[in-house]
Amino acid sequence: MALPAQQLQYDDALLDAYSATVADAVDRIGPAVCRIERIGGPGGHGSGFVIAQDGLVVTNFHVVGDARSVRVSMPDGASREGRVLGRDPDTDIALVCADGNFADVAPLGDSKRLRRGQIAIAIGNPLGFEWTVTTGVVSALGRSMRASTGRLIDDVIQTDAALNPGNSGGPLVSSAGEVIGVNTAMIHGAQGIAFAVASNTANFVISEIIRFGRVRRAFIGVSADTTNLPRRAALLSQVSSSTAVRLRTVEKNSPADKAGLREGDIIAAIDGRPVTGVDDLVRMLDAERIGRETLCTVVRRSGITQVTVMPLARAS
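Here the structure is a predicted model, which means the values were calculated and not measured.

## What to know about the overall build of the protein chain
Assigned secondary structure in the protein chain consists of 6 helices and 20 strands. For a compact globule of 316 residues, the expected C-alpha radius of gyration is about 20 Å, and the protein chain comes in at 21 Å, within 12% of that figure. Each principal axis of the C-alpha distribution contributes one length, and for the protein chain these read about 60 × 55 × 35 Å. The buried share among the 316 residues of the protein chain stands at 49%. Sequence-distant contacts, at least 24 apart, represent 59% of the contacts inside the protein chain between residues at least 6 apart. Of the roughly 15200 Å² that the protein chain leaves accessible, carbon and sulfur atoms contribute 48%.

## Considerations on the nonpolar core
Residues Ile-36, Val-72 and Ile-121 are the most contacted members of the largest nonpolar core, which totals 47 residues. Broken down by element, this core gets its largest block of residues, 6 residues, from strand β6 (residues 93-98). In contact with Val-72, not counting residues within four places along its chain, are Cys-34, Arg-35, Ile-36, Ala-78, Ser-79, Arg-80, Val-96 and Ala-98. Formed by 20 residues, the second largest nonpolar core is a distinct cluster that contains Val-222, Leu-261, Met-284 and Val-307.

## What to know about helix α3 (residues 199-212)
The terminal C-alpha atoms of α3, which comprises 14 residues, lie 20 Å apart, in line with the 20 Å expected from a rise of 1.5 Å per residue. Gly-213 sits one or two positions beyond α3 and adopts a positive phi of about 80 degrees.

## Comments concerning the sheet that holds strand β1 (residues 33-39)
Spatial strand order, β1-β2-β3-β6-β5-β4: 6 strands in a closed barrel with antiparallel pairing. Neighbour-to-neighbour, the strand axes of this sheet turn through a mean angle of 40 degrees, independent of strand direction. Bridging between strand β4 (residues 69-73) and strand β5 (residues 79-88) involves 5 bridges; their strand directions are antiparallel. In the strand pairing of β5, Val-72 is matched with Arg-80.

## So, the pairing of strand β12 (residues 194-198)
Among the 5 residues that make up β12, 5 are buried, leaving the element largely enclosed by the rest of the structure. By the bridge criterion, 4 bridges tie strand β9 (residues 152-159) to β12 in an arrangement that is antiparallel. When the sheet's bridge partners are listed, Ile-157 is paired in β12 with Ala-196. Strand direction decides the pairing type here: strand β11 (residues 179-186) and β12, joined by 5 bridges, are antiparallel. For Met-186, the partnering residue across the bridge sits in β12 and is Ala-194.

Scoring rules and cut-offs
- Residues numbered from 1 in each chain as written.
- Predicted model: local features only at pLDDT ≥ 70, side-chain atom pairs only at ≥ 80, totals over all residues.
- Heavy atoms only, no water.
- Helix = DSSP H or I, 4+ residues; strand = E, 2+ residues; numbered from the N terminus.
- Rg over C-alpha atoms; globule rule 2.2 N^0.38 Å.
- Buried < 20%, exposed > 50% of the residue type's maximum accessible area, 1.4 Å probe, protein only.
- Contact = heavy atoms within 4.5 Å.
- Areas by Shrake-Rupley, 256 points an atom, 1.4 Å probe, with all protein chains shown as cover.
- Core = buried A, V, L, I, M, F, W, Y, C linked by side-chain atoms within 4.5 Å.
- Expected span 1.5 Å × (residues − 1).
- Pairing = 2+ DSSP bridges.
- Axes fitted to C-alpha atoms, helices over the stretch in contact; angles between N-to-C directions.

Here you go:
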């Protein structure tokens, strides 16, 4: 049955609005997206994006590998050499400093504000088709995936925006034209399942590399998901947040295990500071906590309890 003319006009207006939103975001971020190629050693290429006018470029660790230098090619045809400032295999993030000044940058947004179902736009260089745009939605938040080191990357975004080899290291962009994630992987043989490291995690890694040349971490031996914190639990634990982190796994004989933390525990605060999401947990477990008693406010079915954990230095 044919749709009424008024309905067709309404649908056309929605499609026009969607197209305009995507195009505007691409116009804003696209000029800052680059192609990354290794110089010397095993060949390889991927994507990246400029985050500062002095040439700071974010990409994936697996794109640069062990290379010291890379070739950074921009959409306007300019090609520059860049040196790898630092890399973090545990989150598959690397930071490059390219020669010259860059007029276009891609700002990192706040991934904690993401909602499932919102528009997600991937920009990159898949399979040699340079500066390709694909769209989808944020399918899920707070996923975990295993890095090349075997450790779990927490706070990963799942999207159905099509990713292919060469998209790695490129930005996942919101409809507001902000980078919400760094595209990192797709599942071979699956359709519509791809992943990006959340922008807040990438921001933490970038800050550590700029300051120290590497990422320093305290280790307690857990993986976690962001979860809602019931209002009563928030009041009892004396935190003002509506979200916290639920422990999904606790490694045997780890500091968390020895302290008595269990799978399913909800950590609402660390040393009195609210833990509103997995990115908070990652950021709080920095080098300053290594060997220092850390008080976790834990929500269980039996009530609120305090658990003291002694983080260790995470092995390189």
